[in-house]
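# Residue-level structural notes
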Amino acid sequence: MKGIEHVRLEAEWKKALASEFSAPYMQELREFLRQEKLAGKQIFPPGPEIFAALDITPLSRVKVVILGQDPYHGPGQAHGLCFSVRRGTPPPPSLTNIYKEIAADIGIVMPRHGELTHWAQQGVLMLNSVLSVQAGLAASHQGHGWETFTDAVIRTLNEQCEHLVFLLWGSYAQRKGRFIDAQKHLVLKAAHPSPLAANRGGWFGCRHFSQTNQYLVAQGKTPVDWSLPD
C-alpha cells in the first residue's frame, strides 16, 4: 500500500482521511502489507481495489452504510465491497440470505450474480472493518491497523453527514458502530445473515431494506434501488 498520493481513492475521502494516512499506525500497516507481499503471500482484494468501497461512494453521496468484517479470502471473490463478489462467482451463503430477505421484504427477485456495485453507486457504502486478507486464511489481517482506519471512516460519517442509515448485522458490526449517534442517524440492527446466525433467528424478517427506504424518503432523499442489473 502506497502513500495517499498514490492510493486509488476518491478525492473527498482523501481530504477527509489525510491525517489517517500519515499516522504511525498506517505506516506500520503499510510495512506489514509490504512484508506479506515480499514473503510471496497473495493478498485479496488486489491493491487497486482495497479502498474500492470509499472510491466508488464519495463522502457527500453516502446515504446508507453496511458494515462487514473481512474480505472474502477465496480466489475471484473480493473486490473491495463487503458481501459483494465478482461476476462469475456464485453468491456466497451470507449474500444469498441477504437476497432472500430483500425478496421477502420488498418483492424483488435477485439475480444469480453477487456483484453489488449498483448499490455502491447509489450511495450505499459497503465497508469492511478490515480491508485486506491473505488468500485462503480468514481474518489473517485483523489487528494490524485496519480497524483503526475504518473507525475513522465511521467517525467521519457520523460527524460530517446527516440522516444516514447504518445497517449493523451481527455482534461484530454492532460493536464497531457503538459510537454512532442514533439521534442523528437511523441505526438498524439484526443478526448476521450468515447461515449459522440467520438460522438461529433475528435476520429473516428484519425488513431493513424497506425501513431504509422509508427513512430516506422521509428525509427527502432518493430511496435505494435494491434490484441489481443482470
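So, here's what we can say about the structure. Please read all numbers here as calculations on a predicted model, not as lab measurements.

Our next topic: the overall build of the protein. Broken down by element type, the protein carries 10 helices and 6 strands. Its C-alpha atoms give the protein a radius of gyration of 17 Å, near enough to 17 Å, the size a compact globule of 230 residues would have. Dimensions along the principal axes, computed over C-alpha positions, put the protein at roughly 50 × 35 × 30 Å. A burial count over the protein gives 55% of its 230 residues as buried. Here the contacts in the protein between residues at least 6 apart in sequence split such that 69% fall between residues at least 24 apart. In the form shown here, the protein has an accessible surface area of approximately 10,300 Å², with 52% of it arising from carbon and sulfur atoms. Measuring between centres, the 23 positive side-chain charges of the protein sit 2 Å from its 20 negative side-chain charges.

Let us look at the pattern of salt bridges. By the definition in use, this model includes 6 salt bridges. Its salt-bridge partner being Glu-49, residue Arg-86 comes within 2.4 Å of it at the nearest N-O pair. Placement of the pair is Arg-86 in the loop between strand S2 (64-68) and helix H5 (93-106) and Glu-49 in the loop between strand S1 (43-44) and helix H4 (52-56), with a sequence separation of 37 residues. Notably, a salt bridge pairs Glu-115 with Arg-87, separated by 3.7 Å at the nearest N-O pair. Taken as a pair, Glu-115 in the loop between H5 and helix H6 (117-120) and Arg-87 in the loop between S2 and H5 lie far apart in primary sequence, 28 residues in all. Residue Glu-115 is classed as buried on the basis of its relative accessible area, which comes to 19%. Here Arg-87 falls in the partly exposed class, since its relative accessible area comes to 42%.

Further remarks concern the pairing of S2. With 5 of its 5 residues buried, S2 lies for the most part within the structure. Residues Val-64, Ile-66 and Gly-68 point to one face of S2 and Val-65 and Leu-67 to the other, with burial holding for every one of them. Here S2 runs beside strand S3 (residues 124-128); their pairing, made up of 5 bridges, is parallel. Residue pairing for S3: Val-64 is matched across the bridge by Val-124.

Bringing helix H7 (residues 146-160) into the picture now. Its 15 residues place the ends of H7 21 Å apart at the C-alpha level, agreeing with the 21 Å of an ideal helix rising 1.5 Å per residue. With respect to burial, H7 is a largely interior element, 11 of its 15 residues being buried.

One way to put it is that helix H3 (residues 24-38) packs onto H7 with a least axis distance of 9 Å and a crossing angle of 130°. Accordingly, the angle class assigned to the pair H3 and H7 is oblique. Crossing of H3 over H7 shows left-handed handedness. Contacts from Tyr-25, Met-26, Leu-29 and Leu-33 of H3 reach H7 at Trp-146, Thr-148 and Phe-149. Considering only residue class, the contact of H3 with H7 consists of 6 nonpolar, 1 polar and no charged.

Bringing the packing of aromatic side chains into the picture now. Per the counting criterion, the structure on display carries 11 aromatic pairs. Here Phe-51 and Trp-146 contribute two aromatic rings whose centre-to-centre distance is 5.7 Å and whose plane-to-plane angle is 70°, an arrangement assigned as edge-to-face. Linking Phe-51 in the loop between S1 and H4 with Trp-146 in helix H7, this pair joins segments that are 95 residues apart in sequence. The class of Trp-146 is buried, set by a relative accessible area of 0%. Judged by centre distance (4.9 Å) and plane angle (75°), the ring pair of Trp-169 and Trp-203 falls under edge-to-face. In this pair, Trp-169 sits in strand S5 (residues 165-169) while Trp-203 sits in the loop between helix H9 (195-198) and helix H10 (208-218), placing the two residues 34 residues apart along the sequence. Across the pair, exposure class does not vary: Trp-169 and Trp-203 are buried alike.

Quick notes on the rules
- Residues numbered from 1 in each chain as written.
- Predicted model: local features only at pLDDT ≥ 70, side-chain atom pairs only at ≥ 80, totals over all residues.
- Heavy atoms only, no water.
- Helix = DSSP H or I, 4+ residues; strand = E, 2+ residues; numbered from the N terminus.
- Rg over C-alpha atoms; globule rule 2.2 N^0.38 Å.
- Buried < 20%, exposed > 50% of the residue type's maximum accessible area, 1.4 Å probe, protein only.
- Contact = heavy atoms within 4.5 Å.
- Areas by Shrake-Rupley, 256 points an atom, 1.4 Å probe, with all protein chains shown as cover.
- Lys, Arg positive; Asp, Glu negative; His and termini not counted.
- Charge placed at Lys NZ, Arg CZ, Asp CG, Glu CD.
- Salt bridge = Lys/Arg side-chain N within 4 Å of Asp/Glu carboxyl O.
- Pairing = 2+ DSSP bridges.
- Expected span 1.5 Å × (residues − 1).
- Axes fitted to C-alpha atoms, helices over the stretch in contact; angles between N-to-C directions.
- Parallel < 35°, antiparallel > 145°, perpendicular 65-115°, else oblique.
- Left-handed = near helix turned anticlockwise from the far one by under 90°.
- Nonpolar A, V, L, I, M, F, W, Y, C, P; charged D, E, K, R; others polar.
- Phe/Tyr/Trp six-rings, centres within 6.5 Å; stacked < 30°, edge-to-face > 60°.

From the geometry alone we can't say anything about function, so treat these as descriptive.
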